[in-house]
Amino acid sequence: MRHPAGAKGSLMARMGFFTDTSVCIGCKACEVACKEWNDVPDDGLDFLAMSYDNTGALGADTWRHVAFVERPRGGSAPPGSPPANGPGAGWSPAADLLPDAGGAGVRWLMSSDVCKHCTHAACLDVCPTGALFRTEFDTVVVQQDVCNGCGYCVPACPFGVIDKREADGRVWKCTLCYDRLKADLTPACAKACPTESIQFGPLEELRERASGRLGVLREAGVAEARLYGADEDDGVGGFGAFFLLLDEPEIYGLPPAPVVTTRDLPGMWRAAAGAALALAGAVAVAVLPRR
Amino acid sequence: MTDSYYGRPILKAPVWKWYIPAYFFTGGLAGASSALGLAAQLTGNRRLRRTALGAAAAGVAVSGPLLVIDLGRPGRFLNMLRVAKPTSPMSVGSWLLAAFAPAAIGAAASDVTGRAPRLGRAAAAGAGVLGPAVATYTAVLVADTAIPAWHEAHQQLPFLFAGSSMAGAGGVALASTPAAAAGPARRLAVIGAALEVGASRVMDRRLGELAGPYEEGRAGRLAKAAEACSLSGALLAAVAGRRRPTAIAAGTLLCAGSLLTRFSVFRAGFESAADPAATVGPQRLRRPR
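Computed from a predicted structure; not experimentally measured.

Enquirer: I keep staring at the overall build of chain B and nothing clicks. Help me out?
Expert: In terms of regular secondary structure, chain B is built from eleven helices and zero strands. When the helices and strands of chain B are read in sequence order from the N terminus, they spell out α-α-α-α-α-α-α-α-α-α-α. Its C-alpha atoms give chain B a radius of gyration of 20 Å, within 12% of the compact-globule value 19 Å for 289 residues. The dimensions of chain B, computed from C-alpha atoms along their principal axes, are 65 × 45 × 30 Å. Here chain B holds 289 residues, and 62% of them are scored as buried.

Enquirer: Would you mind going over the overall build of chain A with me for this structure?
Expert: A count of helices and strands for chain A gives seven helices and ten strands. Here chain A holds 291 residues, and 49% of them are scored as buried. In chain A, of all internal contacts separated by at least 6 residues, the share reaching a separation of at least 24 is 64%.

Enquirer: Teacher, can you tell me more about the packing of helix 4 (residues 117–143) of chain B against helix 6 (residues 157–176) of chain B here?
Expert: Residue and element names in this part refer to chain B. Direction vectors running N to C along helix 4 and helix 6 enclose 145°, while the axes themselves pass 8 Å from each other. As helix 4 runs across helix 6, the sense of the crossing is right-handed. Contacts between helix 4 and helix 6 involve Ala 135, Thr 136, Thr 138, Ala 139, Val 140, Val 142 and Ala 143 on the former and, on the latter, Leu 157, Pro 158, Leu 160, Phe 161, Ala 162 and Ser 165. Its residues assigned to classes, the contact of helix 4 with helix 6 comprises ten nonpolar, three polar and no charged.

Enquirer: I keep staring at the packing of helix 1 (residues 19–42) of chain B against helix 4 of chain B and nothing clicks. Help me out?
Expert: For any two helices packed against each other, one specifies the crossing angle of their axes together with the interaxial distance. Residues and elements named next belong to chain B. For the pair helix 1 and helix 4, interaxial distance at closest approach is 7 Å and the crossing angle is 140°. The pairing of helix 1 with helix 4 is recorded here as oblique in orientation. Crossing hand, helix 1 versus helix 4: left-handed. Contacts between helix 1 and helix 4 involve Phe 24, Gly 27, Gly 28, Ala 30, Gly 31, Ala 32, Ser 34, Ala 35, Gly 37, Leu 38 and Gln 41 on the former and, on the latter, Arg 121, Ala 124, Ala 125, Ala 127, Gly 128, Gly 131, Pro 132, Val 134, Ala 135 and Thr 138. Its residues placed into classes, the contact of helix 1 with helix 4 shows eleven nonpolar, nine polar and one charged.

Enquirer: Sorry if this is basic, but what is going on with the environment of Gly 163 of chain B here?
Expert: Residues and elements named next belong to chain B. Mapping Gly 163 onto the fold places it in helix 6. With 27 residues separating them along the chain, Gly 163 and Val 190 place their C-alpha atoms 9.5 Å apart. Look past the residues within four positions of Gly 163 in its chain and what remains in contact with it is Gly 192, Leu 195, Glu 196 and Ala 199.

Enquirer: I'm lost on helix 1 (residues 29–38) of chain A in this one. Help?
Expert: Residues separated by three or four positions in an α-helix point in the same direction, a consequence of the helix having 3.6 residues per turn. Residues and elements named next belong to chain A. Of all the residues in helix 1, the buried ones are Ala 29, Cys 30, Glu 31, Ala 33 and Cys 34. If you follow the buried residues of helix 1, they end up packed against strand 2 (64–72), strand 3 (106–114), helix 5 (188–192) and strand 8 (198–202). The positive-phi residue at the C-terminal boundary of helix 1 is Asp 39, with phi of around 55°.

Enquirer: Honestly, the confidence of the model for chain B in this entry has me stumped. Any pointers?
Expert: Detailed reading of the predicted coordinates is not advisable wherever pLDDT is low. Looking at chain B, the pLDDT average stands at 96 and 98% of residues meet or exceed 70. Among the scores for the predicted complex, ipTM is 0.97 and pTM is 0.93.

Enquirer: What is the right way to look at the sheet that holds strand 8 of chain A in this model?
Expert: Residues and elements named next belong to chain A. Within the open sheet, the four strands sit side by side as 8-1-10-9. Their pairing is mixed. On the outer flanks of this sheet lie strand 8 and strand 9 (226–228), each paired with one strand and no other. The average undirected angle you get between the axes of adjacent strands in this sheet is 20°. One ladder, built from three bridges, connects strand 9 with strand 10 (residues 241–245); its direction is antiparallel. Across the sheet, the residue bridging to Leu 227 is Leu 244, located in strand 10.

Enquirer: Help me understand the interface of chain A and chain B in this model?
Expert: Much of the literature gives interface size as the accessible area that the parts lose upon coming together. Across the boundary between the two partners, chain A contributes 55 residues, which contact 67 residues of chain B. Looking at the side of chain A that touches chain B element by element, the count peaks at 17 residues for helix 7 (residues 265–287) of chain A. Looking at the side of chain A that touches chain B residue by residue, the classes come out as 37 nonpolar, eleven polar and seven charged.

Enquirer: Explain the nonpolar core to me, please; I cannot follow it from the model alone.
Expert: General note: in soluble globular proteins, nonpolar side chains tend to be found buried as a group. Ranked by internal contacts, the top residues of the largest apolar core, which has 192 residues, are Cys 123, Cys 153 and Leu 279 of chain A together with Leu 36 and Ala 104 of chain B. Shared between two domains, this core holds at least three residues of each, these being domain 1 (7–259) and domain 2 (261–291) of chain A.

Enquirer: Can you walk me through the pairing of strand 1 (residues 15–20) of chain A in this structure?
Expert: In the case of a regular strand, side chains alternate between the two sheet surfaces. Residues and elements named next belong to chain A. Counting buried residues along strand 1, six of its six residues qualify, which places the element largely inside the surrounding structure. The two faces of strand 1 match: Met 15, Phe 17 and Thr 19 on one face and Gly 16, Phe 18 and Asp 20 on the other face are all buried. Two strands pair when backbone bridges link them, and strand 1 and strand 8 are joined in this way by five bridges, in the antiparallel orientation. By the bridge assignment for strand 8, Thr 19 is matched with Ile 198. Pairing of strand 1 with strand 10, which is carried by four bridges, proceeds in the parallel orientation. Paired with Thr 19 across the two strands is Phe 243, which belongs to strand 10.

Enquirer: Please explain the environment of Val 287 of chain A as it appears in this structure.
Expert: If you trace the backbone, Val 287 of chain A turns up in helix 7. Of the residues examined, Val 287 of chain A has 21 C-beta atoms within 10 Å and is grouped as buried. C-alpha of Val 287 of chain A to C-alpha of Phe 159 of chain A: the two residues are 128 residues apart in sequence and 48 Å apart in space. Among residues more than four places away in sequence, those in contact with Val 287 of chain A are Ala 39, Ala 40, Thr 43 and Pro 184 of chain B.

Enquirer: Looking at this structure, I do not really get unusual backbone geometry. What am I missing?
Expert: A negative phi angle characterises most non-glycine residues, just as the trans form characterises most peptide bonds. If you check the backbone angles, Asp 138 of chain A has positive phi at about 65° while not being a glycine. Phi is positive for Leu 176 of chain A, close to 50°, though the residue is something other than glycine.

Enquirer: Where do I start with the environment of Leu 210 of chain B in this structure?
Expert: Residues and elements named next belong to chain B. Take Leu 210: it is sitting in the loop between helix 7 (183–207) and helix 8 (212–215). Judged by local crowding, Leu 210 falls into the buried class, with 24 C-beta atoms found within 10 Å. For the pair Leu 210 and Ala 278, spaced 68 residues apart in sequence, the C-alpha to C-alpha distance is 6.3 Å. Among all residues touching Leu 210, those that are not within four sequence positions of it are Pro 148, Ala 149, Glu 152, Ser 272 and Ala 278.

Enquirer: Sorry if this is basic, but what is going on with the confidence of the model for chain A here?
Expert: All names here are of chain A. When pLDDT is averaged along chain A, the result is 89, and 85% of the positions lie at 70 or above. This model gives residues 1–7 a pLDDT under 50, and the stretch forms 13 contacts once residues within four places in sequence are excluded. Across residues 75–91, where pLDDT falls below 50, the model places 23 contacts with residues more than four positions away in sequence or in other chains.

What counts and how
- Residues numbered from 1 in each chain as written.
- Chains lettered and ligands numbered in written order.
- Predicted model: local features only at pLDDT ≥ 70, side-chain atom pairs only at ≥ 80, totals over all residues.
- Helix = DSSP H or I, 4+ residues; strand = E, 2+ residues; numbered from the N terminus.
- Rg over C-alpha atoms; globule rule 2.2 N^0.38 Å.
- Buried ≥ 20, exposed ≤ 12 C-beta atoms within 10 Å, placed from the backbone.
- Contact = placed C-beta atoms within 7 Å.
- Axes fitted to C-alpha atoms, helices over the stretch in contact; angles between N-to-C directions.
- Left-handed = near helix turned anticlockwise from the far one by under 90°.
- Nonpolar A, V, L, I, M, F, W, Y, C, P; charged D, E, K, R; others polar.
- Parallel < 35°, antiparallel > 145°, perpendicular 65-115°, else oblique.
- pLDDT = per-residue confidence, 0-100.
- Pairing = 2+ DSSP bridges.
- Core = buried A, V, L, I, M, F, W, Y, C linked by C-beta atoms within 7 Å.
- Domains from an automatic or database assignment.

This is the structure:
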């Protein structure tokens, strides 16, 4: 698993996830495996009336979240006509992925969401205690013995991943199974995934595999397929856990073009310095002797 | 209509409670008061120096507990000084307060007791120099998040917080200082309230559609109340600030305006975070195709 020549001079290769949502079947084995391995508390048994999704969103007690998106098919075939991928309809591996495949009904999108382990991670940048740190695998992890529950990382994350566990007072999120990685094991969710929708490995390798998969899908006519988070030039410097999606990111509850908030921090400090000088100047004007 | 996942927010709402906007007020009051205290010291205005240093010490004494109570693990508050990180406004603020609080409290203690006057003057000078930073870094703290109504206002929020701090500090000093010595406090209050209201207007205009939370709903009502308090307080200070009862009324209004401003900004962040369209809309415009 470990590669001696990693990126950016680190001794180990950057490890991550490639979540290929085109083969996700929505079984939620990843959610269960994550909970079991990491001893994550229950996140409530609520009926959310959101397709098969009763988990809702990532949070302190949800480190993998399977989204179920039901979208009406683009075509307006007469009711009662056989589904495009039914028997004798010229089935192809990509037929049920096509948004405009003929036939009435619903196109189901399923996607297992997770912490993105950003190259430029806002949570890590704003953490005042150093509890959030970057591991030797280039993943982003909370040191639970350091976190004092200030909560700054929570609104800093552009994906709404990390959150505070109220009863506990500290923040929690996916660790990319840091303990398993140290023992050369695959993270629990990827291990449990029956369709290899969740793939774990060195990021470089995953990116190559993903662009190959994208090519196959595009060739099969799935024009909507796109990689999300595989680009190092995006607003967070690329994700350590990236995705192949079959629609716009916001359909899955993902921000379309996230930017790490600290990218603008120098400008913020300059504005604050200007405001502090204005305050000092106003005080000086106020005490100037009057004539 | 922006597409979203069952209309759910993309961002997480902050987990901060009312202690935090209350601290923005008390910390801002302390910071601007210490700057006023130093200015009074340099111009030999001893009565104003006393009230300003007193307000600074009181403000910072309340700030500490407010910040500690809000932590999920209050017993670990000293972890704030475990590292020094310029990328974390909260880390910068923790170190600022670690230096500012002893100076502000020491200066007031020396003034009241009359002991160690030289050290007291040095402490007042230190607190006075740090004060403007204490009053404005909190704007960076909220702006340095993914929340659109906070982040996209990062050029205006520091000026809003500076004005709000000056209005509060001017108001407290105006209400507690004999009229003959309170001239600088009156002027600071009026300048501060003008900056507070002006920065808020500019912010709303620059934010465009993202300004919604500041203009409507609960945060919008808080902003309107803040503006009414600040403007009437400033007007009262300007025209009748020399008379004791009106000075107290003006100071109370200015403090209320300053406090309401911080609660309005705080609340607007929650409303902005809850709205997926506020997150997705601006990002869609800059998304590479």
